[in-house]
Amino acid sequence: QGAAGLLSPAGAAIASVPGAQHASKPPALTEEDVLAWANEAVARSGSKRRIDSFRDRTIKTGMFLLDLLAAVEPRCVDRAEVQPVEYDLIHGADEELCALNAKYAISCARKLGCAVFLLWEDIVDVKVKMIFTFVAAVMAKQLTLNKGVANVGAMARALNTAKAEGAASPST
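Predicted model only: the values in this text are computed from it and were never measured. (Residues numbered from 1 in each chain as written. Predicted model: local features only at pLDDT ≥ 70, side-chain atom pairs only at ≥ 80, totals over all residues. Heavy atoms only, no water.)

**Comments concerning the side chain of Asp-67**
Working step 1: Among the secondary structure elements, Asp-67 is positioned in helix α3 (residues 63-72).
Working step 2: Look at Asp-67 and you get buried, because its relative accessible area is 3%.
Working step 3: Among the polar contacts listed, one links the side chain of Asp-67 to the side chain of Arg-49, at a separation of 2.9 Å.
Working step 4: In this structure, Asp-67 is in contact with Val-42, Ser-45, Ser-47, Arg-49 and Arg-79, ignoring residues within four places of it in sequence. (Helix = DSSP H or I, 4+ residues; strand = E, 2+ residues; numbered from the N terminus. Buried < 20%, exposed > 50% of the residue type's maximum accessible area, 1.4 Å probe, protein only. Polar contact = N/O pair within 3.5 Å; in protein donor to acceptor, adjacent residues only side chain to side chain. Contact = heavy atoms within 4.5 Å.)

Structure, rendered in structure tokens:
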């Protein structure tokens, strides 16, 4: 919670999960926590894609978001509908294909039951806060699919433990 008592977007997404009101306090998840979860979920699904931040220009293709949705629920993404497009630092990416993937990612998230607050243009334009809110909503949905709200506290503890271990280990 912030100084004014407001929840972070991730905390708000998790608090919106049915039954979360009964939890004593939503975990204080940071943008880095949500980013780490997203990259880990996509990696566990077998994809090689990852993002460095929610500002990563490769997000505009929609491919990472579709991989994330498929990692949470493989049946919600029909790979035949995904347009193969990659981001190139020099040439960018085909805007039309990016738009199709962005629209499809939003459709898949809605099919999964996520609270979606962004437009496809927000994905193609890589609007950082909107992308973050989208990923946090997918994260909250996975929590409801995997043992519900009871898993939120365990997840927060695991993230905090991983952060503490990472801070304790010597940097390379």
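Following the structure, the description resumes.
**A look at the confidence of the model for the protein chain**
Working step 1: Across the protein chain, the average pLDDT comes to 82, with 69% of residues at 70 or higher.
Working step 2: The secondary-structure element of the protein chain with the lowest mean pLDDT is helix α7 (residues 150-168), recorded at 57, while helix α5 (residues 120-124) shows the highest, at 97. (pLDDT = per-residue confidence, 0-100.)

**Focus on the packing of α3 against helix α6 (residues 128-145)**
Working step 1: Packing of α3 against α6 leaves a shortest axis separation of 10 Å and a crossing angle of 10 degrees. As summarised for this structure, α3 and α6 are arranged roughly parallel, according to the angle between their axes. Contacts between α3 and α6 pair Leu-65, Leu-68, Leu-69 and Val-72 from the former with Ile-131, Phe-134, Val-135, Val-138, Gln-142 and Leu-145 from the latter. (Axes fitted to C-alpha atoms, helices over the stretch in contact; angles between N-to-C directions. Parallel < 35°, antiparallel > 145°, perpendicular 65-115°, else oblique.)

**Some words on the packing of aromatic side chains**
Working step 1: Per the stated rule, a full pass over the model turns up one aromatic pair.
Working step 2: Above the ring of Trp-120, the side-chain terminus of Lys-103 is found at 4.7 Å from the ring centroid. (Phe/Tyr/Trp six-rings, centres within 6.5 Å; stacked < 30°, edge-to-face > 60°. Lys NZ or Arg CZ within 6 Å of the ring centre and 35° of its normal.)

**With respect to the pattern of salt bridges**
Working step 1: One pass over the structure, following the stated rule, counts six salt bridges.
Working step 2: When the shortest N-O distance is used, the salt bridge between Glu-86 and Arg-49 registers 2.8 Å. Of this pair, Glu-86 sits in the loop between α3 and α4 (95-112) while Arg-49 sits in the loop between α2 (31-44) and α3, and the two are 37 residues apart along the sequence.
Working step 3: Of the charged contacts in the structure, one is a salt bridge between Arg-75 and Glu-73, with a shortest N-O distance of 2.8 Å. (Salt bridge = Lys/Arg side-chain N within 4 Å of Asp/Glu carboxyl O.)

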